[in-house]
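Descriptive analysis of the structure
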Amino acid sequence: LVYYGPAFLQNMGNDEAVKRLGLLAEIYRSARELWPAEVAKAAVNVTIRIDMIKSLSVSAMHEATAKGDVWLLVKHNETEAFVEQGTKRKLNKMIATSQNFQVLDLACLNAYDA
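This report concerns the structure included in the present document. This is a predicted model, so every value here is computed, not measured.

**Digging into the overall build of the chain**
- Helices and strands together make up the secondary structure of the chain, namely four helices and five strands.
- When the helices and strands of the chain are listed from N to C terminus, the series reads β-α-α-β-α-β-β-α-β.
- The C-alpha atoms of the chain give 14 Å as radius of gyration, which agrees with the globular expectation for 114 residues (13 Å, within 12%).
- With respect to the principal axes defined by its C-alpha atoms, the chain has extents near 40 × 35 × 25 Å.
- Counting the 114 residues in the chain, one finds 35% classified as buried.

**Examining the environment of Leu-91**
- Tracing the backbone through its elements, the reader meets Leu-91 in helix H4 (residues 88–96).
- A relative accessible area of 15% places Leu-91 in the buried class.
- Distance in space between the C-alpha atoms of Leu-91 and His-62 is 18 Å, their sequence separation being 29 residues.
- With near-sequence residues (within four places) excluded, Leu-91 lies in contact with Val-70, Leu-72, Phe-101 and Val-103.

**Points about the pattern of salt bridges**
- Within the structure shown, the criterion is met by five salt bridges.
- Among the ionic pairs, Arg-20 bridges to Asp-15, the shortest N-O distance being 2.9 Å.
- A relative accessible area of 14% places Asp-15 in the buried class.

Basis of the calculations
Residues numbered from 1 in each chain as written. Predicted model: local features only at pLDDT ≥ 70, side-chain atom pairs only at ≥ 80, totals over all residues. Heavy atoms only, no water. Helix = DSSP H or I, 4+ residues; strand = E, 2+ residues; numbered from the N terminus. Rg over C-alpha atoms; globule rule 2.2 N^0.38 Å. Buried < 20%, exposed > 50% of the residue type's maximum accessible area, 1.4 Å probe, protein only. Contact = heavy atoms within 4.5 Å. Salt bridge = Lys/Arg side-chain N within 4 Å of Asp/Glu carboxyl O.

Shown next as structure tokens:
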């Protein structure tokens, strides 16, 4: 379940729908990396929280990346992860403490440029 997924799509503003959908696809891809498919866990549900980006434009996310921040999908427990904006210092700390996360690849959205 991507919590706030519908709100993210409804708050498109000037964003192209294809870029918003592409970003959701990247979030799903990252979630699958954190929770690989396993037959034994077919009935288990996880929640991906995108509160932090539900009102942001894709260009605002790119601006944050251009300033040196990264967008992360951070696993907080066995059934929940959050999209978070982080600095490289935060990223290094997460690596040092072996926290499970995926860096969201916003470059994938460039494929949708006209």
